[in-house]
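# Results of the structural survey
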Amino acid sequence: MPRLVSHPEEVKIVTRRFGQGAAQIERYIALGGYTAAQKCLSEGPEWIIEEMKASNLRGRGGAGFPTGLKWSFVPKQSAKPKYVLVNGDESEPGTCKDHLIFLHDPHSVIEGTIIAGLAIGAKTGFIYLRGEYRYLLEIMEKAVAEAYAKGFLGKNIFGTQTEFQIITQSGAGAYEVGEESALMESVEGKRGVPRIKPPFPAVVGLYGGPTVINNAETIATVPHVISMGAAAYAAVGSQRNGGTRLFGLSGHVERPGVYELPMGYNLKKMIYDVGGGVRGGRGLKAVVPGGCSTPCLLPDEIDIGMDFDQVGKAGSMLGSGGVVVIDDQTCIVEFALRTISFYQHESCGWCIPCREGTDWLKKSLTRFHAGYGEKKDIDQIQYLAENMMGRTFCPLGDAAAMPILGFVKKFRQEFEDHLHGKPCPFAKHVDLAVV
Ligand SMILES: Cc1cc2nc3c(=O)[nH]c(=O)nc-3n(C[C@H](O)[C@H](O)[C@H](O)COP(=O)(O)O)c2cc1C
Ligand code: SF4
């Protein structure tokens with residue numbers, strides 16, 4: 001479980017109310033809450049969207065799409081109702097930040113949802129939490145009830161003629177419903193499989209109406225952008241990557257936890273200064289920079305700024321901000337096996353390359369790790385993963401294949417060592433090889 005941690009280099013914007021009782025509406029208001037929504041009510045939709053664009057806020061769900069631009073794609077006129085959908089499915093291994101927002105600052109999600117609704121002209125917002133977050137759903141529901149009681153939600157929000165309603169919902173516990181189109185299916189009460197795109201949700205989304213879908217951290221950031229001002233928010237981060245990010249630092253690190261750091265913060269510094277270095281003073285073998293679907297980086301590749309552009313340049317992705325540190329006593333083949341086991345379990349089964357590919361990869365890696373592999377299996381594992389890339393119905397197939405390809409390419413020698421040191425050269429450290 002991520003802990004409430006702190007480090008002097010943190011810049012607390014999204015987390016500034018954490019640990020201060022802000023789940024209670026009175027406390028949230030005392031700490032400056034709900035003023036951003038009121039400001040947006042008086043400024044109007046175009047102003048909100050321009051502010052969001054100027055802030056350089058990019059989606060925290062994984063792809064890093066600019067939030068203001070996404071909102072601007074929603075048609076102004078629509079025969080069908082428009083919606084805001086907050087993605088709190090948070091299921092990517094290594095990612096553990098949204099739940100802290102729901103726990104410590106649920107009203108920031110509500111306020112951000114109201115602002116997104118005002119920006120696009122929606123009257124209804126959905127806040128969706130992963131099935132395993134049922135205990136957080138109770139907190140969210142209580143916060144929503146408080147906002148209704150205060151008149152911040154309902155037919156006449158903040159005493160105006162504007163209506164905005166919020167509905168909370170939980171999933172049944174499937175990683176795939178974090179994918180935005182499968183998420184809409186799940187909200188509508190159907191099986192969580194993706195929809196064909198285009199049309200994109202901004203045009204045809206929930207119940208066929210234009211829909212903005214944003215990650216919970218993105219939405220919780222919105223009121224802060226409005227309160228600070230777009231320029232001040234943008235200035236905190238790096239070029240084209242505004243503000244801060246909640247990085248979930250986990251794995252073999254001395255001080256794991258969720259840290260709020262400026263976009264572009266150096267990864268090496270994050271591990272060694274903020275996280276206190278590799279656990280037990282061991283050596284570093286690799287780092288997964290943005291949740292388990294992102295290709296790993298080697299120790300000589302981590303002197304980079306953590307933003308969408310710089311991590312992309314280094315050959316990986318910033319993804320969901322889940323940084324997993326892997327020490328030198330970890331078996332990479334086992335790590336690859338654990339990774340693919342997750343995707344094999346979570347594949348929704350809708351399309352063959354993902355359904356079969358993840359299953360084959362899991363079987364191949366299981367056999368290989370157990371000492372029954374042959375040299376040709378290494379190429380076969382790579383071939384299987386390469387053949388999933390770009391051939392699946394939704395990005396889960398790529399998400400499963402990419403890390404495996406990274407491990408095979410960067411740690412080929414370690415795969416070959418498994419052929420000599422059967423079953424696993426790291427077997428004596430197996431208790432330490434915990435992801
Ligand atoms: C398999 C899969 C799982 C995903 N899981 C999540 C998730 O748990 N939370 C999330 O916000 N986005 C997730 N995404 C990304 C969403 O599809 C979408 O891009 C995101 O919610 C948009 O919000 P943002 O622009 O604020 O990042 C997932 C994508 C894929 C392909
Ligand atoms: S890639 Fe295909 S099988 Fe895999 S989760 Fe997406 S739709 Fe389902």
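In this text the structure is predicted, and so the values were computed from the model without any measurement. (Residues numbered from 1 in each chain as written. Chains lettered and ligands numbered in written order. Predicted model: local features only at pLDDT ≥ 70, side-chain atom pairs only at ≥ 80, totals over all residues. Heavy atoms only, no water.)

### Points about the domain arrangement of the protein
Rules: Each domain's limits were defined by an automated method or a database of domain assignments. Throughout, a residue-residue contact means that at least one pair of heavy atoms, one from each residue, lies within 4.5 Å. Summed over both partners, the accessible surface that disappears when two parts come together, traced with a 1.4 Å probe, is what is meant by buried area. Salt bridge, as applied in this entry: a Lys or Arg side-chain nitrogen positioned within 4 Å of an Asp or Glu carboxyl oxygen.
For the protein, the assigned domains read domain 1 (25-236), domain 2 (244-327) and domain 3 (332-416). In this structure, domain 2 and domain 3 have C-alpha centres spaced 23 Å apart. Each partner contributes residues to the interface: domain 2 has 14 residues there, and domain 3 has twelve residues. Here domain 2 packs against domain 3, burying approximately 1000 Å² in sum over the two surfaces, 75% of which is carbon and sulfur. Inspection of the region where domain 2 meets domain 3 yields two salt bridges. Among the salt bridges present, the one from Lys285 reaches Glu414, with a minimum N-O distance of 2.7 Å.

### A closer look at the state of the cysteines
Short version of the rule: By disulfide we mean two sulfur atoms from cysteines, separated by a distance within 2.5 Å. For every residue, the accessible area (1.4 Å probe, protein chains only) is compared with the maximum for its type, and the residue is labelled buried under 20%, exposed over 50%, or partly exposed between those bounds.
Per the counting criterion, the structure on display carries zero disulfides. The thiol of Cys96 is unpaired, and the distance to the nearest cysteine sulfur, on Cys292, comes to 12 Å. Residue classification places Cys96 among the buried positions, given a relative accessible area of 17%.

### What to know about the confidence of the model for the protein
Applicable threshold: Per residue, pLDDT measures the predictor's confidence, with a range of 0 to 100.
A residue-level look at the protein finds 97% of positions with pLDDT of 70 or above and a mean pLDDT of 95. Every residue in residues 430-435 is under pLDDT 50, and counting partners more than four places away or in other chains gives 13 contacts.

### Looking at unusual backbone geometry
Just so we agree on the cut-off: Each helix is a run of H or I in the DSSP string that is no shorter than four residues. Each strand is a run of E no shorter than two, and both are numbered from the N terminus.
Between Lys197 and the following residue, Pro198, the backbone shows a cis peptide bond with an omega angle of -10 degrees. Inspection of the secondary structure assignment puts Pro198 in the loop between helix H8 (180-187) and strand E4 (211-215). Following Pro198, the chain continues into Pro199 via a peptide bond in cis, with omega recorded as 5 degrees. Summarising the element assignment, Pro199 is placed in the loop between H8 and E4. Positive phi, normally seen in glycine, also occurs at Asn56, with a value near 60 degrees. Note on placement: Asn56 falls in the loop between helix H3 (45-55) and helix H4 (67-72). Taking the relative accessible area as the measure of exposure, Asn56 reaches 30% and is therefore partly exposed.

### Comments concerning the nonpolar core
Here is the rule we go by: For our purposes a nonpolar core is just a set of buried Ala, Val, Leu, Ile, Met, Phe, Trp, Tyr and Cys residues, chained together by side-chain atoms within 4.5 Å.
Counting 58 residues, the largest nonpolar core has Tyr34, Trp71, Val109, Ile110, Ile114 and Ile127 as its most contacted members. With eight residues, helix H6 (residues 106-120) is the largest single contributor of residues to this core. By size, the runner-up hydrophobic cluster in this structure holds 40 residues, among which are Ala286, Cys296, Met388 and Phe411.

### Let's talk about helix H9 (residues 216-228)
Note the following rule: To estimate the expected span of a helix, count its residues, drop one, and scale the result by 1.5 Å. Consider a residue and the seven residues that end there alongside the seven that start there; fitting an axis to each set, the bend is the angle between those axes.
Between its terminal C-alpha atoms H9 stretches 19 Å, which fits the 18 Å expected from 13 residues at 1.5 Å a residue. In H9, a bend of some 25 degrees at Val222 exceeds every other bend along the element, and Pro223, a proline, comes one to four places later. Where burial is concerned, most of H9 is hidden: eleven out of the 13 residues are buried. The complete set of buried residues in H9 reads Ala216, Glu217, Thr218, Ile219, Ala220, Thr221, Val222, Pro223, His224, Val225 and Ile226. Looking one or two residues past H9, Gly229 carries a phi angle of roughly 95 degrees, positive in sign.

### Description of the sheet that holds strand E8 (residues 284-288)
The criterion, for reference: We call two strands paired when DSSP finds no fewer than two bridges between them. Lines fitted to C-alpha atoms define the axes here, with helix axes fitted over just the stretch in contact, and angles between the N-to-C directions of these axes take values from 0 to 180 degrees.
Here four strands make up an open sheet; going across it, the order is E6-E5-E10-E8 and the pairing mixed. Each having just a single partner strand, strand E6 (257-262) and E8 make up the two edges of the open sheet. Neighbour-to-neighbour, the strand axes of the sheet open up by a mean angle of 25 degrees, direction not taken into account. Summarising the sheet, strand E5 (residues 244-251) and E6 pair through six bridges and their orientation is antiparallel. Bridging from a neighbouring strand, Phe247 pairs with Tyr259 of E6.

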